[in-house]
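# Understanding the architecture of this molecule
Chain by chain, the residues:
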Amino acid sequence: MAVIEERSRSEWQDLDRDHYLHPFTDHKDLREKKSRIITRADGVYIYDADDNEILDGMSGLWCVNAGYGREELVEAAEKQLRQLPYYNSFFQCAHPPSIELSRLLKEISQPQFNNVFFAGSGSESNDTIVRMVRRYWDLLGEPDKQTIISRVNAYHGSTMAGASLSGMKPMHRQGGLPIPGIVHIDQPYWFGSDRSLSPDEFGLETARALTKKIEELGVDKVAAFIAEPVQGAGGVIVPPDTYWPEIQRICDEYGILLITDEVITGFGRLGEWFGADYYKVKPDLMTFAKGVTSGYLPLGGVMVADRVADVLVEKGGEFFHGYTYSGHPACCAVAIENIRILQREGLIDRVKNDIGPYLQQRWRKLGEHPLVGETRMVGLMGALELVANKETLERFDEDKGVGAMCRDFLVNNGLVMRAVGDTIVVAPPLILTHEQADELIEKAWKCLDLTQAAL
Ligand SMILES: *Cc1c(COP(=O)(O)O)cnc(C)c1O
C-alpha cells in the first residue's frame, strides 16, 4: 500500500480543513475557504492537485535554492537513512555526516568561522544565538551584558526567542513578547521613510540608531546586534550602501558581537555564499537554515567565529543547550550534497554574473508600470512597491488589501510571489533560466494590469 493514499482534490481539502491547523494562518478564514493542494514539483515549477503548473517565484519559503526534483539530494538522504538514520551528538558521540558538513561549512564561510553548532531550523538557531551570546559574556565575567539589539520588522523566527528577536508587533502581541533583554531599533527602509534624506544619508542615520541605543542602554549591558543582511519576510528591505559599513564600524567601536541572520541570504541568494560576504562585513555569529539543504530536509545552525568559540572552549564548563536533532545525519548528508551542487554547477556565480543581473534588469522594467512606485533586487531577491499615485508615491489604504489582491491574481495565473502588505516580493530558485525569468516578468506585468483593472 502506498504511504500516501490517492485522494481527490476536494477530499484533501476537506481533511485539511477538519484536522490541520496551518502555521501563520487565520484558521477561521481558511476554514471558510480551501487550501491549494500542491502535489509535486520539478525544477522551478510546482503543480497543484488539478495539475496547474505554477512558477515558484518564492523557492518554497525562500529555501529551494537548487530547485525541485534533485535526484542527488534524494539519493544522499536515502543512502544515509539506510546506513545510520539517526544518532545524536550528545555524550561525546559524533557521526561522519555532521563532521563532514562542519568541515564543508568552514570551507565556504569567512576565515573567522571554524566552528558550527547545529539546530533543526532557523528559529531554533536563533534561540541558540541568544543562549550562546549570553553565555559568552557571562564566561568573560560580564554577566550584565545580556541585551541583544535587533530591528523593527525583522524576521528571526517564531519560537519564543526567535519571535522576540523578530520586530513584528502583531507577533509580539501574542504571548507577551519580546522576552526580557531584547530591544529593537529602526530598519533601513528608505522607501518606507518620509524620503527627506537621500538613501545614503538615510542609511547612515538608521545605522547610527545603533549607537544611540547602545549609549542609552549602556555598553556594559549590550551583548550583540542581530540583523538580516537584507530583511526578507519584512518585505525585502535592501539597505542603502552606507548602512552595513557603518554598522560594522559601530559594533567594532563598542566591541559588541555582530550577528548576521543568513537564513535567507545564505547559500547563494545574493550571489555570494553569505550576505555578509556580499556586504563585506565580518560577523561573529551567522544563523543559517533554509537554503543549506534547499529545503529538502530541515536543518539549521550557527556559524561561530573563533572569538566566541575560543571562549566557550577555553573557559570550559558544560553549555546546557542542544537539540535531539542537532546534526541529524540524513539532514547533514543532504546539506553536504546540496553545497556540492551549488559548487559543481557554479550556481552562486550564476546569480552574481548571469541570471542575477538579467532578472534585475528585467525587474527594473516593472517599475514602468503605473501601479509600481519602486523596484529593488539584489542577487535573486527582490520587491515591488505598489502605490496609489506614481507621481507622489502615495500608498494605498492598508485595508484595501491591494497587495493580497495582486498576489491572488499572480497565483491564479501561474506565478507564486508573496505580498507583504502592498510590497510584492520574489526569490526564485537559483537555477532559473533566462526564459523562465522572462515568463516571470510577463506574468507579473499581466497581473499588475489585472490588479489595476480591478481597482
Ligand atoms: C525563515 C527565517 C527564520 C526562521 O526559520 P524557521 O526555519 O522557519 O524557523 C529565521 N530568520 C530568517 C531571516 C528567516 O527568513
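It should be noted that the structure appears before, not after, this text.
Overview of the structure. This is a predicted model, so every value here is computed, not measured.

Calculation notes
- Residues numbered from 1 in each chain as written.
- Predicted model: local features only at pLDDT ≥ 70, side-chain atom pairs only at ≥ 80, totals over all residues.
- Heavy atoms only, no water.
- Buried < 20%, exposed > 50% of the residue type's maximum accessible area, 1.4 Å probe, protein only.
- Helix = DSSP H or I, 4+ residues; strand = E, 2+ residues; numbered from the N terminus.
- Pairing = 2+ DSSP bridges.
- Right-handed = clockwise from strand over helix to strand, strands pointing away.
- Axes fitted to C-alpha atoms, helices over the stretch in contact; angles between N-to-C directions.
- Parallel < 35°, antiparallel > 145°, perpendicular 65-115°, else oblique.
- Left-handed = near helix turned anticlockwise from the far one by under 90°.
- Contact = heavy atoms within 4.5 Å.
- Nonpolar A, V, L, I, M, F, W, Y, C, P; charged D, E, K, R; others polar.
- 1 Å grid on protein atoms, 1.4 Å probe; cavity = no way out; pocket = protein on both sides within 12 Å on 5 of 7 lines; lining within 4 Å.
- Points joined across faces, edges and corners; volume = space filled by probe spheres on them.

Let's shift gears to the pairing of strand E8 (residues 257-261). Counting buried positions along E8 gives five out of five residues, so the element sits mostly inside the fold. Here E8 shows no split at all, with Leu257, Ile259 and Asp261 on one side and Leu258 and Thr260 on the other all buried. In this sheet, E8 lies alongside strand E7 (residues 222-227) in parallel orientation, the contact comprising four bridges. Looking across to E8, one finds that Ile226 is bridged to Ile259. Remark: the E7/helix H10 (residues 243-254)/E8 crossover connection has right-handed handedness.

All right, on to the packing of helix H4 (residues 71-83) against helix H13 (residues 329-344) then. When two helices pack together, you describe them by how their axes are tilted relative to each other and by the distance separating the axes. Their axes nearest at 8 Å, the elements H4 and H13 cross at an angle of 150°. Regarding the angle of H4 to H13, the classification is roughly antiparallel. Handedness of the H4/H13 crossing: right-handed. Of H13, the residues touching H4 (which contributes Glu72, Leu73, Ala76, Ala77, Gln80 and Leu81) are Pro329, Ala330, Ala333, Val334, Glu337, Asn338, Ile341 and Arg344. Of the residues belonging to the contact of H4 with H13, the class tally is nine nonpolar, two polar and three charged.

Let us look at the layout of surface pockets. By volume, the second largest pocket is sized at about 990 Å³. With four residues, the single largest contributor to the lining of the second largest pocket is strand E4 (residues 113-119). Residues that form the lining of the second largest pocket fall into these classes: 15 nonpolar, eleven polar and two charged.

Turning to the sheet that holds strand E2 (residues 45-48), a few remarks are in order. Pairing is mixed across the open sheet formed by four strands, whose spatial order is E1-E2-E3-E13. In the strand order of this sheet, the two ends are held by strand E1 (38-42) and strand E13 (415-416), each with one partner. Across two bridges, the pairing between strand E3 (residues 53-56) and E13 is parallel. Looking at the pairing, Asp56 lines up with Val416 of E13.

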